[in-house]
Structure formats: C-alpha cells, structure tokens
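The chain contents come next:
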Amino acid sequence: MTLKDFVLSIEGLTVSFDGFKAVNDVSLYVEQGALHVVIGPNGAGKTTLLDLICGKTRPTAGSINFLGHELTQMPEQKIVQAGVGRKFQTPSIYPALTVFENLEISFPRGRSVFGALTFKRDKAVMERVHDIADMIFLKDQLDTLGEVLSHGQKQWLEIGMLLIADPELLLLDEPVAGMSVDERQQTGDLLNKICKERSVLIIEHDMNFVREIAHRVTVLHQGAVLAEGSMEHIETNEKVIEVYLGH
C-alpha cells in the first residue's frame, strides 16, 4: 500500500512537554472504511494522540496527513472543515435543546455566524436530521430534551452531531464508557454502519468491545507503538500481555 491508500497517515509523530515525550515517534496508518482501535495503559499517550490529530496540541516533530492535508499546519476549525470529527470522553451535547435541535444546530450550514443568521429548516435539513436520528437509535426521541437522555443515548447523540456534517474520519474517545451491555451492542452495530462510508479511529479500554469491532489494533505504551495488528495477533503478543492485557 502507498500513502494514497490511507485516509490518515501519521509518521514519526512526537510531542514533548517539559522534556517528557507524551507521544514518541508514533507512526500509524488508517485505511478507508476501517475501525482502527488504539489501546494501552493509562498514560500511554492515547488521548494526546487524538489531541494532535485534531489540532488541539501541536507536535514537536512528525507529520499527520489526512486526505492530502498536512494537519500539523492547520488550526482546529480548518481540520474540522477538512472532514475530521472528534468525540471526547464526556458527552458534549446541548442539554436544554431537544434531540432534533441538537442535530439541527450541528448541520454544517448553521455553524458559521452568517450560516446561523440565514439558516432555514428546509427539506434537506429535515431529511438529514431524521436519517441520522434513525441511525443513532433516537428516531423516537426527537422531541426529548438532551438532559433527560440516558448516558448511552447522550453518547449516540454526540456521534450523530458529528455524523450530520458527514466527516471522512471520526475520532472517538471511549465511546462505550458507562454504557449498559445492550447499549454497547447497539454501539457496535452503529460503528459497523458508520465505517461503511468513513473511517473511525477509536480509543477504548473495554477489551470485549474491541474484540467485537476492531479491524486493526494499535497498542501504545509510554507514548510509543508497542504492537499493531489484528486483535488475535495483539492478544498473543507477549509484550502486550506483560504491560497491558495481563493486568
């Protein structure tokens, strides 16, 4: 495969904080339509990696290429506009707005000041909101306020708020944390649907969930790549067992 075959190509990525390398010479490649999961112990650099991809943190060295865009040179908003959507660990929705309104306000035309002033709830908006609500299991909750949704439903709503902008790459930080068994199963189904049209890079600690969904797994340890491959390969890697899975 060449670099053109990957949605995201990270090479030699390093970031130092007062001499401490939180991410140390990381190279990682995400294929089109992949569910690529990053695992590793606390402090391994997983969330920092997502911070670097979305422009929240700037690297000390290395490159991040997303569909021809060099992300290390771009501000956060431009990275979003280029097609990268990120969901953080804690759901970030508008609790006083309904599910419909949360999705509607995330429609791309409504995001700029001019777009918000001229925004109209036309047929395209209505159809997109209903399609996404159906996908995220909330089609019967469109009039429900965000604040009364279950934790799992809030997670789905935030994913929907990203999907409505139709990103090429989704970054998800622990998407099933705090979910029930049924909600985890539904989230796995949702992610499998999502990756038919885009790529997904996920940080996750729930190994049962990772086994169910991952196309490829990267293990980080002390800021560096310890191993990479299928989940079956990762689970038999002695170094991974020693520093992470064995605990």
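Structural data are supplied above this passage.
Residues numbered from 1 in each chain as written. Predicted model: local features only at pLDDT ≥ 70, side-chain atom pairs only at ≥ 80, totals over all residues. Heavy atoms only, no water.

Before going further, it helps to examine the sheet that holds strand β2 (residues 20–31). What the four strands build is an open sheet, ordered β2-β1-β4-β5; its pairing is antiparallel. At either end of the open sheet lies a strand with only one pairing partner, and these are β2 and β5 (69–70). As paired elements, strand β1 (residues 6–17) and strand β4 (residues 61–66) share five bridges and run antiparallel to each other. The residue bridging S9 from the neighbouring strand is N65, located in β4. Against the sheet, helix α1 (residues 46–53) makes contact with β1, β2 and β4, and its axis sits at roughly 115° relative to β1, the strand it touches most. (Pairing = 2+ DSSP bridges. Helix = DSSP H or I, 4+ residues; strand = E, 2+ residues; numbered from the N terminus. Contact = heavy atoms within 4.5 Å. Axes fitted to C-alpha atoms, helices over the stretch in contact; angles between N-to-C directions.)

Structurally, T72 is set in the loop between β5 and α2 (76–82). The sequence separation of T72 and L52 amounts to 20 residues, and the corresponding C-alpha distance is 7.7 Å. In contact with T72, not counting residues within four places along its chain, are R58, P59, G62, S63 and I64. Side-chain polar atoms of T72 contact the side chain of Q73, separated by 3.4 Å. (Polar contact = N/O pair within 3.5 Å; in protein donor to acceptor, adjacent residues only side chain to side chain.)

For the rest of this paragraph, the subject is the pattern of salt bridges. Tallying each qualifying case throughout the model produces nine salt bridges. Two residues, R216 and E228, come together in a salt bridge whose shortest N-O distance is 3.1 Å. Placement of the pair is R216 in strand β9 (residues 216–221) and E228 in strand β10 (residues 224–229), with a sequence separation of 12 residues. Residue classification places R216 among the partly exposed residues on the basis of a relative accessible area of 34%. Through salt bridges with shared partners, a single ionic network connects R128, D166 and R198. (Salt bridge = Lys/Arg side-chain N within 4 Å of Asp/Glu carboxyl O. Buried < 20%, exposed > 50% of the residue type's maximum accessible area, 1.4 Å probe, protein only.)

By themselves, these figures tell us nothing about what the structure is for.
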